[in-house]
Amino acid sequence: MSLLPELRYPTVTELVASARALAAHRPGVCALRQVGASRAGRPLHLLSMGHARRAVLVVAGAHSNEPTGGATLLAVAERVLNDRELRTDTSWHFLLCADPDGASLHVTPAPRSLFDYHLGFFRPAGPEQPEWSPSVLPPDRLPPETRALTGVIDELRPYLQVTLHGTDLGGSWVQLTKDVPGLAEPFAKSAAELNIPVETGASDAAGWPATGPGVHVMPSPGAGAAYPSMPDDARHSTWYHAHRYGGLTAVVEVPMWASDLVDDPAPHPAPAAGLRQLAGRLLRDSRAVEEVLADALPRLQGDDGPLMRAAKWGLELVPGLAADWVHTPPADNTRAYVGSVDAFARRVPLRAAAMLLRVLQETDDPAAPRLERLVATWSHAFAERFRARWVPLEHQVEHQSRTVVAAALHARDLTA
């Protein structure tokens, strides 16, 4: 059966309906159950296939602004259902959406441009993100979404957790908490066949060792951070929770818009100077958003909703991040890496501006038109600078699905 008749970004309601129909269609193989609830009381659902002790856990929706994962989850579930070999000695489990509250706030139609995408943008502040909260909060303050996710890991003890992420503009890459020998080849082959660039210098993996182009292994706990000011640390996230049972996590990133500039391994002529220039632009752009915020705050009557919290949190990262780029030696000297940092420096103030804009539009604040012009200008400049081209959704989903299956097969060999 087809889990999603029309290939598009599914809502959480559609994900649950598709999973429920599947469980009813194949009750001997599939089961759907609730494994927790969000802060707002929205249920978190787990779809399971097979009964083997050895398990793979696939997580979608950890970041609400990365919508491809939901469609990929359904595609992988359908592939597993139709391929008995994938279920031989392995059960598969799919957390449909790790952050349903966030998903309810990020509006993802079929965006025609980066500007369209940012008009409905939402990504929670770091402490409110299910996977990242353990790296910035004490155990007694973890949100219920995080506790539900770690509870599922404790129950299943998966040899592999795959968490489905994405980027607005750039390329595809994989982050591993342990090496998975052999994964780089099918990953690269899939990306090439689908005309998706491999992001060889992803700033998210700055300074991490690579086992192949775009396949990065997280450094050991004693390694220094490329960006010392950043409050979160992947080694304290839920990605590492599977390690206590001998497992590992693969984070599979895929772009909505591709840029062929992100896979250039050639040396940058002056990487340190390039990062200093990007730090200066980051500070200038963030000040422009802060000026609008300062003007509007007296009229917002203490608004402290999730959009406002997330916008402020993003702006608070800027001074430290800019200082990191100025005072810390570049983690990589390639054009690809400097280009990835360029994209990072554009995203932080743009996302803060986009979320603040939604707050101002809800109250018809007079500062909204000024901020909307900034969001439009920065979105168009981002797309133009990186020569953005839309990646068909079926290609986003197919590449991410292939990488999930390849990771499961290669990681299974490690634990056989």
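Basis of the calculations
Every chain begins its residue count from 1, and numbering advances along the sequence as written. A pLDDT threshold of at least 70 governs which residues receive local features in this predicted model, and a stricter bar of 80 or more applies before side-chain atom pairs are shown or counted, although totals over entire chains, interfaces and linings include all residues. As a convention, hydrogens and water are excluded, and side-chain values are obtained from all of the structure's heavy atoms. Secondary structure elements are taken from DSSP: a helix is a run of H or I of four residues or more, a strand is a run of E of two residues or more, and numbering for both begins at the N terminus. C-alpha atoms define the radius of gyration, and 2.2 Å times the number of residues to the power 0.38 defines the globule rule. Type-normalised accessible area, obtained with a 1.4 Å probe on protein chains alone, sets the label of each residue: buried when under 20%, exposed when over 50%, and partly exposed for intermediate values. Between two residues, a contact is recorded if the distance between any of their heavy atoms is within 4.5 Å. Each accessible area value is a Shrake-Rupley result obtained with a 1.4 Å probe; residue values ignore everything except the protein chains displayed when judging cover. Disulfides are defined in this document as cysteine sulfur pairs within 2.5 Å. Think of a 1 Å grid over the protein atoms and nothing else: a 1.4 Å probe that fits but is trapped marks a cavity, an open set flanked by protein within 12 Å on at least five of seven lines marks a pocket, and residues with an atom within 4 Å of a point count as lining. Grid points are joined across faces, edges and corners, and a volume is the space filled by probe spheres set on the points. When residues are sorted by character, Ala, Val, Leu, Ile, Met, Phe, Trp, Tyr, Cys and Pro go into the nonpolar class, Asp, Glu, Lys and Arg into the charged class, and all the rest, Gly among them, into the polar class. Note on ring pairs: Phe, Tyr and Trp rings are taken, using the six-membered ring of Trp, and paired if centres are within 6.5 Å. Classes follow the plane angle, with under 30 degrees stacked, over 60 edge-to-face and the rest tilted. In this analysis the charged atom, NZ for Lys or CZ for Arg, is taken to sit over a ring once it is within 6 Å of the ring centre and within 35 degrees of the ring normal.

Looking up the chain in an unreviewed UniProt entry gives the name M14 family zinc carboxypeptidase, with the organism given as Streptomyces plumbiresistens.

Next up on the list: the overall build of the chain. Along the chain, the regular secondary structure elements total 11 helices and 10 strands. A compact globule built from 416 residues should have a C-alpha radius of gyration of about 22 Å, and the chain, at 21 Å, falls within 12% of that. Along the first, second and third principal axes, the C-alpha atoms of the chain reach 60 × 50 × 40 Å. Here the chain, with 416 residues, has 57% of them falling under the buried criterion. Residue pairs in contact within the chain that sit at least 24 positions apart in sequence constitute 81% of those at least 6 positions apart. If you sum the accessible surface of the chain, you get close to 16,400 Å²; carbon and sulfur atoms cover 52% of it.

Evaluation of the coordinates by the stated rule reveals zero disulfides. Cysteine C30 shares no disulfide, and the gap to the nearest cysteine sulfur, in C97, comes to 20 Å. Assessed through its relative accessible area of 4%, C30 is described here as buried. C97 gets classed as buried once you look at its relative accessible area, which sits at 8%.

Turning our attention to unusual backbone geometry. In this structure, D89 is a non-glycine residue whose phi angle is positive, near 65 degrees. Structurally, the position occupied by D89 is in the loop between α2 (68-82) and β4 (91-95). Although it is not a glycine, D364 sits at a positive phi angle of roughly 55 degrees. One can find D364 in the loop between α9 (335-362) and α10 (368-385). Judged by its relative accessible area of 71%, D364 falls in the exposed class.

Turning to the layout of surface pockets, a few remarks are in order. There is about 1,100 Å³ of room inside the largest pocket. Taken together, 50 residues make up the lining of the largest pocket; nearest its centre are W132, D204, M230, D232 and F344. For the lining of the largest pocket, the secondary-structure elements that each account for two or more residues are β5 (160-170), β6 (173-176), β9 (248-258), α8 (306-327) and α9. Looking at the lining of the largest pocket element by element, the count peaks at seven residues for α9. Partitioned by chemical class, the residues of the lining of the largest pocket number 27 nonpolar, 12 polar and 11 charged. Approximately 310 Å³ is the volume found for the second largest pocket. Surrounding the second largest pocket, 18 residues form its lining, P10, T11, V12, P67 and A103 being those nearest its centre. Here the lining of the second largest pocket takes three residues from helix α1 (residues 12-25), the largest share from any one element. Residues of the lining of the second largest pocket, tallied by class, amount to nine nonpolar, eight polar and one charged.

To continue, consider the side chain of Q400. Position of Q400 relative to the elements: it lies in helix α11 (residues 393-415). Apart from residues no more than four positions distant in its own chain, Q400 is found in contact with T68, G69, T72, L164, H165, V252 and V254.

Per the stated rule, a full pass over the model turns up nine aromatic pairs. With a centroid separation of 6.3 Å and 75 degrees between ring planes, the pair formed by Y227 and W325 is classed as edge-to-face. With Y227 in the loop between β8 (215-217) and β9 and W325 in helix α8, the pair connects residues that are 98 residues apart, well separated along the chain. Residues Y227 and W325 agree in their burial class; the two are buried. Taking the centre distance of 5.8 Å and the plane angle of 70 degrees together, the rings of W325 and F344 count as edge-to-face. Taken together, the residues span a long stretch of sequence, with W325 in helix α8 and F344 in helix α9 at a distance of 19 residues. The ring of Y159 carries the charged tip of R54 above its face, separated from the ring centre by 5.9 Å. Stacked on the ring of F386, the Lys or Arg R385 has its end atom at 4.9 Å from the ring centre.

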